[in-house]
Amino acid sequence: MLNRYSTVRMEASNEIVIKKSRFIGYAKPVESEEEAVAFIDEIKRLHRSATHNCSAYLIGERDQWQKASDDGEPSGTAGKPILEVIKNKGLKNVVVVVTRYFGGIMLGAGGLVRAYTDGAVAGIEAAEEIVKVLHREVYVDVDYTWYGKLENELHGRGTRIGGTDFTDRVIVRCLPETTEAEPFVAWMTDLTQGQAIITMGEDLYFIDGE
């Protein structure tokens, strides 16, 4: 799993008009090629009467799954420019569809490339670019006598907290970045003089800064 990667926050769209042609850019975060294809098909159903529904997606830690479709536009004028926008922005796990309703004025190959580029940018901007960072669940189980100190130290360190369970003891779900998990455990062990019961959990992605 990547320690961090850029993607988009949500499904969203935006429309631009170029020489009377409407270009509606859609972007959505996806986790699989199947999900990307399903979204493209959904937009095609939504815009059955559109002149074209051009698309591209880029998925996987090493960009293993990527595809671009011109959907009837001249070869290389639509799908590839959309894919290039995704790559140039450094995004992963994203699908983009740009729907075109022809306005009666020919744009030419260069004009189409610019139009689909702008449509893709519009959709991605609407969907909000974010960075996801990999964190490790670290469960810290302590006696109540340690909780006040533990809470203060975690707050001072700026550690992400995923919740606290209060039973006969206190269990705090800490979420340090995965790359910092081992130093965090060492620090926690030292802080509690070895009295904490520490259990490692899953790796999970969270949005950077939130």
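Here's what I pulled together on the structure shown here. From a predicted model like this one, the values you see are computed outputs, not experimental measurements. (Residues numbered from 1 in each chain as written. Predicted model: local features only at pLDDT ≥ 70, side-chain atom pairs only at ≥ 80, totals over all residues. Heavy atoms only, no water.)

**Structural notes on the pairing of strand β7 (residues 129-142)**
When strand β1 (residues 4-8) meets β7, the two strands line up antiparallel, connected through five bridges. From the neighbouring strand, Val-8 faces β7, where its bridge partner is Glu-129. With nine bridges connecting them, β7 and strand β10 (residues 197-207) associate as antiparallel partners. Looking at the pairing, Tyr-139 lines up with Thr-199 of β10. (Pairing = 2+ DSSP bridges. Helix = DSSP H or I, 4+ residues; strand = E, 2+ residues; numbered from the N terminus.)

**Description of the packing of helix α2 (residues 79-88) against helix α3 (residues 108-127)**
Running from N to C, α2 and α3 cross one another at 45°; their axes reach a closest spacing of 8 Å. Between α2 and α3, the crossing angle belongs to the class labelled oblique. Read as a crossing pair, α2 and α3 show a hand that is right-handed. Side by side, α2 and α3 meet where Pro-81, Ile-82, Val-85 and Ile-86 of the first sit next to Val-113, Tyr-116, Thr-117, Ala-120, Val-121 and Ile-124 of the second. Partitioned by chemical class, the residues of the contact of α2 with α3 number nine nonpolar, one polar and no charged. (Axes fitted to C-alpha atoms, helices over the stretch in contact; angles between N-to-C directions. Parallel < 35°, antiparallel > 145°, perpendicular 65-115°, else oblique. Left-handed = near helix turned anticlockwise from the far one by under 90°. Contact = heavy atoms within 4.5 Å. Nonpolar A, V, L, I, M, F, W, Y, C, P; charged D, E, K, R; others polar.)

Structural measurements only, silent on function.
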